[in-house]
Amino acid sequence: MMEGRLQAQEDEITLLKSSLSDALRKIHLHDQLLPLLKQQLIAVNPNAAGVLNQVCCTDGCSGRTTLSSSSAVDGIRSPATSQLSDSIVTNANGHIENPVSLTPRSRPTTQDRSTQTEIALPGQDTGQKKVPLPRRVQSLQLEDALAPGKPLVEGTRAMLHRVSGWEEEYEEEQEKGGGEQEKEQSWMSSVEEIIQPTTIKCLQREDYQDRSCSPEELGSPSTSVRTSDSNLSSRSGHLSPIQEGEKKLLVRRNSEKLVNAEKQRKRLDKKAASSANLLSRSPSLDTRAKELVSSAGSPGSRRGTYSQEQSIKMFIRGRPITMYIPSNIQNYEDLKMEPPSERLELDWVYGYRGRDCRANLYFLPSGEVVFFIACVVVLYHINNRTQRHYDKHTDCVRCLTLHPDKVRMASGQTAGVDKDGKPLHPCVHIWDSTTLVTLQQIGLGAFQRGVGCVAFSFADFGTFLCVIDDSNEHMLSVWDCNKGTRHADVKNTNEAVFCVEFNSSDSTNIITCGKSHVYFWTLIAGQFTKKQGIFGKYKKPKFIQCFVFSLTGDVLTGDSEGNILTWGKSAADVKTLGKGAKETFQIMRQTRAHEGSVFTLCTLQGGTVLSGGGKDRKIIRWSADLAPERECEIPENYGAVRTIADVDGEELLVGTTRNAILRGTFSDGFVAIVQGHMDEMWGLATHPSQNIFITCGHDKQVCLWNTEEHKLDWCITVEEYGLCADFCPNGSVVSVGLSTGRWMVLDLLTREVVSESTDGNEQLSVMRYSPDGSFLAVGSHDNFIYIYNVTESGRRYTRFGKCNGHSSFITHLDWSKDGKYIMSNSGDYEILYWDVAAGCKLLRNRFESKDREWASYTCVLGFHVMGVWLEGSDGTDINALCRSHSERMVAVADDFCKVHLFQYPCPKLKAPSHKYEGHGSHVTNVCFTHSDSHLLSMGGKDTCIIQWRVIRGGAGDSSERLASASPSSPEPATS
């Protein structure tokens, strides 16, 4: 593949060199034509020399006439080549510049050798290196300078001599029929030519306005020659007539072999044919040069350029991407872009954040359990199995607490950043759990990085709210909930803080705990005083994970050593601390509770205490005096106990470290009511006929979900983490691509692996069945697409071929509706088309695929979805998209935690859309269900799956939207 690309680049370089050589030959021709004709005229008529010198002086010349090579390259004539005040200057693009007025000026006698055209007579030593002339100049005949239609008259002759020692510009080329190459040698030749005694008139300049050529022709190479030649005749007046019978000796430099004129003409034709053949092999070179000029701008800019050849270019990170306009669009500029009539509504959230958060599970009197994941606080009715959502947060929720009235809630979020990288301010929302209305927004702009812990005061029925942020000092602040104002704040500690609570009987006392510390704070008159818990003779644990208050007012803490420590006030130790020492908080009792950490403590009515263990996964019930009463162990696949919430004194809700919520009792055990992934997810696919979908991620789990019952049907663990998946069209099996290049096919009913294979040793990024299920395409990070024949209802796979042509890893691919072609995208923003039926052949002419219909549309680059890209996108801002089965809308997963809904198709830049928030991390994938009733989206690091309900809008389909627009159509909507 790399050799092929290098060969293509070499062809491009060769073509560019050939073009440059052609341009230089034309420049040399222009430079040499003037002095040659002048030389011939002077030789036959000495009286013409005065007239020519007068013209040169008028043009600002000093003893010679030159044409700047740089000006010729740029397509602009030097003032020395024309004395017309109204001269029309032609640039390289064939446009007409403003007329320029010429001012006579002297030029130095010494000029660059590449532009030197001074006449050299035989035997004259100019002291400069002679410039070899092209063959066209060498073969010029004297009749070229005569007026058109004037025949030659016999009797007048002139001698033409070649100066010896001059080198030829080109070597002989091999003849088509074979033959030896002949090297040119210096020679002297005398040829007598007949000169007619006539008046040689100036060659009249061909002007654009006389319609002898079009503006486009002015920029062409042939027109450049004609225009430059016309500079000879732009001088006013006629030359003196040549006297009949005069014979003069003329010198022709670098003249061609006259005897081989026909042979040289054939060789030139062969060279031109070779250049044309190279151009045909690299048809994109001409357009690439134009793209490079038009793509100038800041890296990352995304702009569109409409071309009359029915294509449009967009730019990502300065790279041009050509989109060919389908044939049924007659007027691209008048296409009307509007937001889709459909809308999305948050229906269900799958998952729970228990892996890295504490005390985030509460049970309400309404029968709902409150927890959070991503940016959504979920209220799940455990009996009715319904969800409500508080979705006013703009970034991931980190902490949660319940007001003493059991109705109001407080939730804190992280800071996050917007799409431009600017930090967003963290804050705390106080909201009503019944109406889901935000009552107060606390601390906007006052916290750094995020909010780690929150707690309401109990003694005064929730008047104050205590907050600890995620700054380096973990600032502790107290806020008035009614006014939303800060009452006091203080620096806490540089170590991690896990929990904060008001004393249940005294709102002036606050306790915090975390890494290697437990602090007892007293707030008086807006000032904090801190006392550190003293471990004394007990081993100081690395982490104090949690704490609660006992009925007697003592503080019970759970630590990383598996102990429950009872803290109480004690008189000051005068012997140790000296006179004036105040009371301290010391350990009164140590109780061995769990093997590993004690992650949570929960108090029940009557003073009973529940503890949840980490390593042993046990839940233990303790009496008021910390005597163990009952215990149970949760299943290993759910992880350790993270938090416990009491339902009715007997039934419990348990949040685990593997992002599950369990419901049960000590007698009956526990079952999962909420489950989710534990790590970043990428693989998502919906069933072709049932309301189920499959997911896979870095946690090495493959999960099958039910969109109607909102539950997990089954989950298996694989050896490597999964990255992509797709259902076979018959719906009986599903293929899953893994991170090592291995992929497997699972039976949906038995969950058994019915087939597996390995393609390369890099991760797989996309799996896609053809519409009829006869082929499976596997896109890999090794830049290849592997094609398999599928038989036996998706249970047998044999290698059919391999698509080789991408220069970067495969990101997305789709099949055509007839199952014969594939469209693919790669990591370097490339769009390629493949003819699978013809043996996985790469279609070089992408224009042929502009009208092809696709069974699915998940490629993020393409004409029909060009409008989904935002201004300034860098190519990674859109992770995935999916077209609905009705072909009316397209959903987009971006890198800024948003889900967008566009109309389909949306081929115009800055297309309007509906935007939806909820994810707290980059959205990795989106997919519509088989009936388009719901849209599924997956977050990356937030491990959240959101199910959106599609709210139907008005009529109209994609064919109507793609119909040719009338000139009177309004401009596309921009909002």
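Because the structure is a prediction, the values reported are computed rather than measured.

What counts as what
Residues numbered from 1 in each chain as written. Predicted model: local features only at pLDDT ≥ 70, side-chain atom pairs only at ≥ 80, totals over all residues. Heavy atoms only, no water. Helix = DSSP H or I, 4+ residues; strand = E, 2+ residues; numbered from the N terminus. Contact = heavy atoms within 4.5 Å. Phe/Tyr/Trp six-rings, centres within 6.5 Å; stacked < 30°, edge-to-face > 60°. Buried < 20%, exposed > 50% of the residue type's maximum accessible area, 1.4 Å probe, protein only. Lys NZ or Arg CZ within 6 Å of the ring centre and 35° of its normal. Core = buried A, V, L, I, M, F, W, Y, C linked by side-chain atoms within 4.5 Å. Polar contact = N/O pair within 3.5 Å; in protein donor to acceptor, adjacent residues only side chain to side chain. Pairing = 2+ DSSP bridges. Axes fitted to C-alpha atoms, helices over the stretch in contact; angles between N-to-C directions. Salt bridge = Lys/Arg side-chain N within 4 Å of Asp/Glu carboxyl O. pLDDT = per-residue confidence, 0-100.

Asks: What exactly am I supposed to notice about the environment of Phe-520 here?
Replies: With respect to the helices and strands, the residue Phe-520 is situated in strand S22 (residues 517-524). Between the C-alpha atom of Phe-520 and that of Gln-532, which follows or precedes it by twelve residues, the distance is 6.2 Å. Dropping the residues within four chain positions of it, Phe-520 is found in contact with Ile-510, Ile-511, Thr-529, Lys-530, Lys-531, Gly-533, Val-555, Trp-567 and Phe-585.

Asks: Hey, could you run me through the packing of aromatic side chains in this one?
Replies: The geometry of an aromatic ring pair is captured by two quantities: the separation of the ring centres and the angle between the planes. Inspection of the entire model under this criterion finds 25 aromatic pairs. Ring centres of Tyr-352 and Phe-371 lie 5.9 Å apart, and the angle between their planes is 80 degrees; this geometry places the pair in the edge-to-face category. Taken as a pair, Tyr-352 in the loop between strand S7 (343-350) and strand S8 (362-363) and Phe-371 in strand S9 (residues 368-373) lie far apart in primary sequence, 19 residues in all. Phe-371 gets classed as buried once you look at its relative accessible area, which sits at 0%. By the ring-pair criterion, three or more aromatic residues cluster together here, those being Phe-520, Phe-535, Trp-567 and Phe-585. In this structure, Arg-642 packs its charged tip against the face of Phe-599, placed 4.7 Å from the ring centre. Sitting over the ring of Tyr-904, Arg-883 keeps its end group 5.3 Å from the ring centre.

Asks: Just checking my understanding: could you explain the nonpolar core for this structure?
Replies: Inside soluble globular proteins, nonpolar side chains tend to come together where they are buried. The biggest cluster of nonpolar side chains holds 46 residues, and the ones touching the most others in it are Leu-344, Val-349, Phe-371, Tyr-380, Phe-928, Leu-935 and Trp-948. It is S7 that contributes the most residues to this core, five residues altogether. For Tyr-380, the contacting residues outside a window of four places in its chain are Trp-348, Gly-367, Glu-368, Val-369, Phe-371, Arg-385, Thr-386, Gln-387, Ile-673 and Val-674. Tyr-821, Met-823, Cys-859 and Cys-906 belong to the second largest nonpolar core, which has 34 residues in total.

Asks: Just to check I follow, could you spell out the side chain of Ser-824 for this structure?
Replies: Mapping Ser-824 onto the fold places it in strand S49 (residues 821-826). Of the residues examined, Ser-824 reaches a relative accessible area of 0% and is grouped as buried. In this structure the side chain of Ser-824 is engaged in a polar contact, spanning 2.7 Å, whose partner is the side chain of His-806. Once residues lying within four places of it in the same chain are set aside, the contact partners of Ser-824 are Ile-785, His-806, His-812, Leu-813, Glu-830, Ile-831, Leu-832, Trp-834 and Cys-859.

Asks: Would you explain the environment of Tyr-797 in this entry?
Replies: Mapped onto the elements of the fold, Tyr-797 is located in strand S47 (residues 796-804). Through-space distance from the C-alpha of Tyr-797 to that of Phe-775 is 8.7 Å; in sequence the pair is 22 residues apart. The contact partners of Tyr-797, leaving out residues within four places of it in the chain, are Val-733, Trp-743, Val-745, Ser-755, Tyr-769, Leu-776, Tyr-788, Asn-789 and Val-790. For Tyr-797, the side chain forms a polar contact with the side chain of Tyr-769, separated by 2.5 Å. A distance of 2.8 Å separates a polar side-chain atom of Tyr-797 from the backbone oxygen of Gly-794.

Asks: Which parts of the structure should I look at to understand the sheet that holds strand S56 (residues 923-928)?
Replies: Either a parallel or an antiparallel arrangement is found when strands of a sheet pair, and the pairing is made through backbone hydrogen bonds. On the basis of which strands lie adjacent, the open sheet formed by four strands has the order S7-S58-S57-S56 and antiparallel pairing. The open sheet is flanked by S7 and S56, the only strands paired with a single partner. The average angle at which neighbouring strand axes cross in this sheet is 25 degrees, direction not considered. Here five bridges tie S56 to strand S57 (residues 934-939), and the two strands are oriented antiparallel to one another. In the strand pairing of S57, Val-926 is matched with Ser-937.

Asks: Whenever I open this one, the pattern of salt bridges confuses me. Can you help?
Replies: Side chains bearing opposite charge may pair, as long as their charged atoms lie close to each other. Applying the stated criterion across every chain, the model contains 30 salt bridges. Across the pair Arg-883 and Glu-887 runs a salt bridge whose closest N-O atoms are separated by 3.6 Å. Each member of the pair, Arg-883 as well as Glu-887, is classed as buried. Within the structure, one salt-bridge network assembled from shared partners comprises Glu-719, Glu-720, Arg-742 and Glu-756.

Asks: What am I meant to see in the confidence of the model for the chain here?
Replies: Any residue range with low pLDDT should be treated as having predicted coordinates unsuitable for detailed reading. Overall, the prediction assigns the chain a mean pLDDT of 77, with 69% of residues at 70 or greater. Across residues 57-259, confidence stays below pLDDT 50; counting only partners more than four residues off in sequence or on other chains, it has 348 contacts. Between residues 955-975, whose pLDDT stays under 50, and residues either more than four places distant or in other chains, the model counts 36 contacts.

Asks: Looking at this structure, I do not really get the environment of Pro-905. What am I missing?
Replies: One can find Pro-905 in the loop between strand S54 (898-903) and strand S55 (914-917). Linking Pro-905 and Phe-863, residues 42 residues apart in sequence, is a C-alpha distance of 8.5 Å.

Asks: So what exactly am I meant to see when it comes to the sheet that holds strand S35 (residues 669-674) here?
Replies: The strand order across the open sheet formed by four strands is S32-S33-S34-S35, and the pairing between neighbours is antiparallel. Here the strands that pair on one side only, and so sit at the sheet edges, are strand S32 (641-646) and S35. Taking the axes of each pair of neighbouring strands and ignoring which way they run, one obtains an average angle of 30 degrees across the sheet. With five bridges connecting them, S32 and strand S33 (residues 652-656) associate as antiparallel partners.

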